[in-house]
Amino acid sequence: MSYIVIATSNAHKVQEYAKLIGDEKVELKSLLDYPGFPGVEENGATFAENAAIKALAACKYCDVPAFADDSGLEIAALDNRPGIYSARYAATDAERIARVLGEMEGVTDRRARFVCAIAIAINGEIIESFEGEIKGTIGFTPKGTNGFGYDPIFIPDGMTRSFAELTDAEKNAISHRHNAFVKAQEFVEDQMSVLDEDFN
Ligand code: ITT
């Protein structure tokens, strides 16, 4: 079976993509399978730029098609922080959440969105990138233990439970990652059907 590398060392992202992709068509590997990967500086100004940086680096290092996910939480009242700095906002998930809740103390506008950019690299070149989002609000206290990152304080619009109170399947059906992935999947399927037509 052919495989594709996801340019991440975040085991939670790997697990979410494994479920989104399913195991029928292509095997998924990640940078956790390439312990020698030297890492790459995420110095882009946008989610899409950082996804491209990571996808290219992994594609070149692993010498196979790769895709990357750069994602984060944008909070309206905080001028869209933490944004592309979501992973770097503090040292641990608990401290990142505590920092956000501290900055949101007394703030009534709780609107936020999760954003996910996916970039696909083949033969050392970025071929396309896609973005997905989910809108919601920031809770007042962390709730739930599923998921990762800021999930305990993010309540998707139309729901009363936080992302961390949803099952994996419930989160995966509506998340920013799902929404970006569906666009990427449509693109890949279109490309494959063009290749099939050319071949036949
Ligand atoms: P890689 O760069 O190795 O992929 P990372 O965790 O550093 O791993 P990012 O730079 O894309 O990834 O940062 C994403 C951060 O945004 C992540 O660490 C979480 O803090 C937050 N985040 C992204 N998606 C999330 C989700 O579905 N649920 C909760 N938090 C999320």
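As shown above, the structure is provided for reference.
First, a word on scope: everything that follows refers to the structure included in this document. Bear in mind the structure is a predicted one, so any value in this text is a computation, not a measurement.

Before going further, it helps to examine the overall build of the protein chain. A count of helical and extended segments in the protein chain gives five helices and six strands. Seen in sequence order, the protein chain has helices and strands lined up from the N terminus as β-α-β-α-β-α-β-β-β-α-α. Taken against the 2.2 N^0.38 rule, which gives 16 Å for 200 residues, the C-alpha radius of gyration of the protein chain at 17 Å falls within 12% of a compact globule. Here the protein chain holds 200 residues, and the buried ones make up 42% of them. Excluding contacts between residues fewer than 6 apart, the proportion of contacts in the protein chain whose partners are at least 24 apart in sequence is 57%. Across the protein chain, the 19 positively charged side chains and the 33 negatively charged ones have centroids separated by 7 Å.

A word on helix α3 (residues 93-103). Considered for burial, the residues of α3 that qualify are Arg96, Ile97, Val100 and Leu101. The arc enclosing the buried residues of α3, seen along the axis, measures out at 130 degrees, which places them on a common side. Packing partners of the buried residues in α3 comprise β3 (66-75) and β5 (125-138).

Our focus in this paragraph is unusual backbone geometry. Negative phi characterises most residues that are not glycine, and trans characterises most peptide bonds. Between Arg81 and the following residue, Pro82, the backbone shows a cis peptide bond with an omega angle of 0 degrees. As for its position among the elements, Pro82 is in the loop between β3 and α3. Despite not being glycine, Asp63 shows a phi value in the positive range, around 60 degrees. Note that Asp63 resides in the loop between α2 (47-62) and β3. On the basis of relative accessible area, Asp63 is assigned to the exposed category, the value being 66%. For Asn80, which is not glycine, the phi torsion reads 70 degrees and is therefore positive.

On to the environment of Leu101, then. Along the chain, the position of Leu101 falls in helix α3. Residue classification places Leu101 among the buried positions, given a relative accessible area of 16%. Between the C-alpha atoms of Leu101 and Ile153, which are 52 residues apart in sequence, the distance is 8.4 Å. Setting aside its immediate chain neighbours within four residues, Leu101 contacts Arg110, Ile138, Gly139, Phe140, Thr141, Pro142 and Ile153.

A separate point is the nonpolar core. Soluble globular proteins tend to bury their nonpolar side chains together. If you look at the biggest cluster of nonpolar residues, it comprises 21 residues, and the most contacted ones within it are Val5, Leu31, Tyr34, Ala58 and Cys62. Every element with two or more residues in this core is listed here: α2, β3 and β4 (111-122). Discounting residues that sit within four places of it in the chain, Cys62 has contacts with Val5, Leu31 and Tyr34. Core analysis: the second largest hydrophobic core is formed by 17 residues, Leu73, Leu101, Tyr150 and Phe163 among them.

Counted as a void, the second largest pocket has a volume near 670 Å³. Around the second largest pocket, the lining is made up of 31 residues, and of these Asn10, Lys13, Lys54, Ser71 and Ala87 lie nearest the centre. Contributing elements (two or more residues each) for the lining of the second largest pocket: α1 (11-21), α2, β3, α3 and α5 (176-199). A per-element tally of the lining of the second largest pocket places β3 first, with four residues. Tallied by class, the residues present in the lining of the second largest pocket amount to ten nonpolar, ten polar and eleven charged.

Parameters and conventions
Along each chain, the written sequence defines residue order, and numbers are assigned to residues from 1. This being a predicted model, a pLDDT of at least 70 is required before a residue's local features are given, and a value of 80 or more before pairs of side-chain atoms are given or counted; all residues contribute to the totals for chains, interfaces and linings. To get the side-chain values, take all heavy atoms of the structure and skip hydrogens and water. Only runs of H or I of at least four residues qualify as helices and only runs of E of at least two qualify as strands under DSSP, and these elements are numbered from the N terminus. Two things to know: the radius of gyration comes from C-alpha atoms, and the globule rule equals 2.2 Å times the number of residues to the power 0.38. Buried residues are those whose accessible area, probed at 1.4 Å on protein chains only, stays under 20% of the maximum for their type, while exposed residues exceed 50% and partly exposed ones sit between those limits. The criterion used for residue contact is that any of the two residues' heavy atoms lie within 4.5 Å. Positive charges are assigned to Lys and Arg, negative charges to Asp and Glu, while His and the chain termini are left out of the count. Here the site of a charge means NZ on Lys, CZ on Arg, CG on Asp, or CD on Glu. This arc describes the spread of directions from the helix axis toward the C-beta atoms. In these notes, a set of buried Ala, Val, Leu, Ile, Met, Phe, Trp, Tyr and Cys residues joined through side-chain atoms within 4.5 Å is what counts as a nonpolar core. With a 1 Å grid spanning the protein atoms alone, the term cavity applies to any set of points in which a 1.4 Å probe fits but cannot get out, the term pocket to an open set with protein on both sides within 12 Å along at least five of seven lines, and the term lining residue to any residue with an atom within 4 Å of a point. Grid points are joined across faces, edges and corners, and a volume is the space filled by probe spheres set on the points. Each residue gets one of three labels, nonpolar for Ala, Val, Leu, Ile, Met, Phe, Trp, Tyr, Cys and Pro, charged for Asp, Glu, Lys and Arg, and polar for the others, Gly among them.

Just geometry here; none of it tells us what the structure is for.
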